[in-house]
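Structural overview
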Amino acid sequence: PRILPIAAADEPILHQPAHAVADVSTPAIQRLLDDMLVTLQAANGVGIAAPQVFAPLRIIIVASRPNPRYPDAPLMSPIAMLNPEILWQSDTTCSGWEGCLSVPDTRAQVKRAERLRISYLTRTGERVEATYSGFVARIIQHECDHLDGILFPERLE
Ligand SMILES: O=C(O)C[C@@H](Cc1ccccc1)C(=O)SCC(=O)c1ccccc1
Ligand SMILES: [Zn+2]
C-alpha cells in the first residue's frame, strides 16, 4: 500500500458526486482501500473519503479515536464502508468541531444529526446495517458529504 496525495479544497473532484462501486472484489478496489487506510493514518485523521484521494467512488473509512477536541471519542478499528447509505437521521442535532484533510488549518463548529442508521457494503461484500451516535455519527456524516461533493464549510450556519 502507498500514501496517496490528498486533494485540496479547490479540486473539482471534491465538488461533484462520486459513483457507486459496482464490484467490491476487484484488485483495484481492494488496493484503493489499503491505500486509503495508510493515507488516513499518515494524515492522522479520523476519516477519509475516496474523492479526497482523487477516486470518484462511494467509499469511506471511519476511524474514530480519542483526540484533544473529543477526549471521550471511542477508539475503534477503522471501518471501510462501500456504497454507504444513511437510512435514517435523528431530528436531534448537536454542534461539534470539525476539520478536513482537504481544508487544512480550518476548524469550525458544525451542526450534525446526533444519531443515524447506515447501510453499507464491507470490503468482503457483505451488506451491513448499523446505528451510530456522537462523534462517530459526525465523522460518517462528514465523509458521506464528501461523496456528494459537499465540504464542511458549506454546512456552517
Ligand atoms: O477530511 C476528512 O474527511 C477527515 C477529517 C474527518 C473529521 C474530523 C472531525 C469531525 C468530522 C470528520 C479529519 O480527520 S480532520 C483531522 C482530525 O483528526 C480531527 C479534526 C478535528 C476534530 C477531531 C479530529
Ligand atoms: Zn473532510
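Scope of this entry: the structure provided in the associated data block. Since the model is a prediction, treat every value here as computed from it, not as a measurement. (Residues numbered from 1 in each chain as written. Chains lettered and ligands numbered in written order. Predicted model: local features only at pLDDT ≥ 70, side-chain atom pairs only at ≥ 80, totals over all residues. Heavy atoms only, no water.)

1. Focus on the environment of V103
Mapped onto the elements, V103 comes out in strand 5 (residues 103–113). Under the relative-accessibility criterion, V103 is labelled buried at 13%. In the structure, V103 is positioned 13 residues away from L116 in sequence and 25 Å away in space, judged by C-alpha atoms. Look past the residues within four positions of V103 in its chain and what remains in contact with it is A9, L151 and F152. (Helix = DSSP H or I, 4+ residues; strand = E, 2+ residues; numbered from the N terminus. Buried < 20%, exposed > 50% of the residue type's maximum accessible area, 1.4 Å probe, protein only. Contact = heavy atoms within 4.5 Å.)

2. A short note on the pairing of strand 7 (residues 127–133)
Bridging between strand 6 (residues 115–121) and strand 7 involves seven bridges; their strand directions are antiparallel. Directly across from I118, in strand 7, lies its bridge partner A130. Between strand 6 and the antiparallel strand that follows it, strand 7, lie five residues; G125 among them carries a positive phi value of about 85°. (Pairing = 2+ DSSP bridges.)

3. Considerations on the coordination of the zinc ion (ligand 2)
The zinc ion (ligand 2) binds to the protein through C100 (SG), H142 (NE2) and H146 (NE2); the donor distances cover 2.1 to 2.3 Å. Mapped onto the sequence, the donors of the zinc ion (ligand 2) take the spacing C-x41-H-x3-H. Placement of C100 in strand 4 (residues 93–100) and of H142 in helix 2 (residues 134–147) is noted, with a sequence separation of 42 residues between them. Each member of the pair, C100 together with H142, is buried. (Donors = N, O, S within 2.8 Å, 3.2 Å for Na, K, Ca; no water.)

4. Quick notes on the site of ligand 1
Near ligand 1 there are 19 residues, and of these V46, G47, Q52, L101 and E143 occur at the shortest range. The contact in question runs from an oxygen atom of ligand 1 to an N or O atom on the side chain of Q52, over 3.0 Å. Within the side chain of E143, an N or O atom sits 2.7 Å from an oxygen atom of ligand 1. For ligand 1, whose unbound accessible area comes to 510 Å², protein coverage reaches 95%. The leading source of residues in the shell around ligand 1 is helix 2, at five residues. (Near = heavy atom within 4 Å. Polar contact = N/O pair within 3.5 Å; in protein donor to acceptor, adjacent residues only side chain to side chain. Areas by Shrake-Rupley, 256 points an atom, 1.4 Å probe, with all protein chains shown as cover.)

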